[in-house]
Amino acid sequence: MTALMDVTVEQVTTLDELVELAQSIEQSISSMQAARDGVLALASRWALDAAGEVDEADLSLRTVAAELGAALRVSDRTVQRRMLAVEQVVERFPRVWAAQGAGAISAGHTRVIVEAGEHIDDAESRDRYAARVLEVASGESPNRTRPIAERLAQQYQPKSLDERHEDACELRGAWVSDHPDAMAELHVFGPSVLVHGAFDRLTSMAKASSRAVLSGPHRQAEPLSDPLPGTAFGPAATHDAHVAIDEDVRTLAQRRFDLAMNLLLTGAPAGHDTDDGLLAAIRPRVSVTIPFLTLMDRDATALRLLRGAGRCDAVGGGCAGGGCADAGRGASDNDARTGDAAVIGVRGGVNAELDGHGPIDAHTARVLAGAASGWNRLLTHPITGMLLAVDRYRPSEQLRRHLRARDQRCRFPTCGMPAIDSDLDHTQDAAFGGATEESNLGALCRRHHVLKHHSPWMVEQRGSGLLEWRSPTGRVYVDRPPPQNTVTFTETALTEAGTQRNDGDGDGANPSPARSAAPF
């Protein structure tokens, strides 16, 4: 199977022109959407100014929204919601709004950036946050921008993630939305670790059940005289169900749904499990990156444990799991003080992250770390934040873990599929002599793995984890590994720390904190 392998030069030229046209149209759409948002924000401001009295503000907004809704043939409730939403963008994030107006980012980017930074109350902090996240957004898709935006926003939040997570947990809940054709949606809102863990368990069960005892019509099937015992939901609960002998015809999403309903209604995956209960034995799986200081309850504790723990400028402090403090026992007092200064700079810094999704609170991270059967330790460079190594006490598939930690998601431009659900692809095929090593491997989701092998899309490794993709029209896209969730130290910070160590009175008293910054 191949795609576009035999096209002519003229056809490629046509495709190139279509891509340029699509880019131009998309930029124009983004600019026009920003212009519309500006008009709605002005209308909202006009309504509030015209109201005079605070008590009349809501009625004034309704009146203006009704005027706009009638002219635009849109519900006035929808218009009023848009007016309030865009006013927040235009007034609180003017830099982001201007970037969309210039066509540098899309409305999707704007939504992601604003949602991640909506709790930043200080105007100057919001502007600094917007400037930093726009550097990323201009070269990434919205889904890839989201986790980086959330990570950056943590550095400007007045309240810690733990405090905000505790408040957010009070909003957890489940509700139903009805749809036509006797259908409905079940919504669940709660801690991301629990929700993603539940979804991962459903996915693992759905994949494992594809060749188990299945329900529904199949090409080769035998009728059942009685329903499957314990079956509560789905075709298997009726007398006209069949035992599948051939491949399951349901999609993965359909199997997830059937399993979810069975688990919720019966407490067990009835009608889907294998005879030996393989599905019931499946446990949810989430991948979390935890800076080792996050595992400690207090900064003071961290300082005491780290004193004498070795030089912070040897390997970075961005380790997932513990054990880093054992690396440098026997270091000199000067080295220990360098470490103290570096750690003080980390205070209130990097949060734990649910890989591929965003930050989580420290308490949940510690609970997960304490219950884990083993940790992968990520050693990162203190200056660049680049991943240097992944190790474990019982090494197993070390290269695979290293690549998944480095890539975090599919390495095709704009794709955000987590690396744990992707294939590890040889950039240069093993059949043609490609080595099985870090410099020749990258995570590709199944969709883009197939695209790489069966279309004119080409990819080359450029060192340091950079993948250079070349499209059928000759365009070049460089995909960089996402920044690690770690702490880096600037040259100025290290110099200041060294100067304090050399100029001090030798007892290390009152060291000034070295400044640190996460890469993104």
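Residues numbered from 1 in each chain as written. Predicted model: local features only at pLDDT ≥ 70, side-chain atom pairs only at ≥ 80, totals over all residues. Heavy atoms only, no water.

## Focus on the sheet that holds strand β13 (residues 467-470)
At step 1: Spatially, three strands are ordered β12-β13-β14 in an open sheet, and the strand pairing comes out antiparallel. Two strands bound the open sheet, and with one partner strand each, they are β12 (458-461) and β14 (476-479). Each adjacent strand pair in this sheet contributes to an overall mean axis angle of 25°, direction not counted.
At step 2: Pairing between β13 and β14: four bridges, direction antiparallel. In the sheet register, W469 faces β14, and the bridge partner there is Y477. (Pairing = 2+ DSSP bridges. Helix = DSSP H or I, 4+ residues; strand = E, 2+ residues; numbered from the N terminus. Axes fitted to C-alpha atoms, helices over the stretch in contact; angles between N-to-C directions.)

## With respect to the side chain of T427
At step 1: By the secondary structure assignment, T427 is in the loop between β10 (423-426) and β11 (441-444).
At step 2: Residue classification places T427 among the buried residues on the basis of a relative accessible area of 12%.
At step 3: A distance of 3.0 Å separates polar atoms of two side chains, one belonging to T427 and the other to Q461. (Buried < 20%, exposed > 50% of the residue type's maximum accessible area, 1.4 Å probe, protein only. Polar contact = N/O pair within 3.5 Å; in protein donor to acceptor, adjacent residues only side chain to side chain.)

## Topic: the confidence of the model for the protein chain
For any part of a model where pLDDT is low, the fine detail of the predicted coordinates should not be relied upon.
At step 1: For the protein chain, the mean per-residue pLDDT works out to 74, and 68% of the residues sit at or above 70.
At step 2: Summarising per-element confidence for the protein chain, the mean pLDDT is lowest in helix α12 (residues 333-346) (30) and highest in helix α4 (residues 94-101) (94).
At step 3: Contacts for the low-pLDDT stretch residues 298-348, under 50 throughout, to residues beyond four places or in other chains number 90 contacts.
At step 4: Here residues 508-516 is modelled with pLDDT under 50, and outside its nearest four sequence neighbours on either side it reaches 23 contacts, counting other chains as well. (pLDDT = per-residue confidence, 0-100. Contact = heavy atoms within 4.5 Å.)

## Things to note about the layout of surface pockets
At step 1: Size it by volume and the second largest pocket reaches roughly 1300 Å³.
At step 2: Around the second largest pocket sit 47 residues that line it, and E150, S192, H357, G358 and P359 are the ones nearest its centre.
At step 3: Counting residues per element, the lining of the second largest pocket draws most heavily on helix α7 (residues 142-154), which supplies nine residues.
At step 4: In terms of residue class, the lining of the second largest pocket is built from 20 nonpolar, 13 polar and 14 charged. (1 Å grid on protein atoms, 1.4 Å probe; cavity = no way out; pocket = protein on both sides within 12 Å on 5 of 7 lines; lining within 4 Å. Points joined across faces, edges and corners; volume = space filled by probe spheres on them. Nonpolar A, V, L, I, M, F, W, Y, C, P; charged D, E, K, R; others polar.)

## So, the packing of helix α2 (residues 57-72) against helix α3 (residues 76-92)
At step 1: Where α2 meets α3, the axes come as close as 8 Å, and the angle between the chain directions of the two elements is 115°. The way α2 lies across α3 gives a crossing that is right-handed. Every residue of α3 that contacts α2 at D58, L61, R62, V64, A65, A66, L68 and G69 is listed here: D76, V79, Q80, M83 and L84. (Left-handed = near helix turned anticlockwise from the far one by under 90°.)

## Quick word on the side chain of D423
At step 1: Secondary-structure assignment places D423 in strand β10.
At step 2: At 2.7 Å, the side chain of D423 forms a polar contact with the side chain of R446.
At step 3: Beyond its immediate stretch of four places on either side in the chain, D423 contacts G442, A443, L444, R446 and H449.

## Some words on the sheet that holds strand β5 (residues 288-289)
At step 1: Read from one edge of the open sheet, three strands run β5-β6-β7, paired in antiparallel fashion. With one partner strand each, in any of the chains shown, β5 and β7 (358-360) form the two edges of the open sheet.
At step 2: Bridge count for strand β6 (residues 352-354) against β7 is three bridges, and the pairing is antiparallel. Residue pairing in the sheet places E353 in a bridge with P359 of β7.

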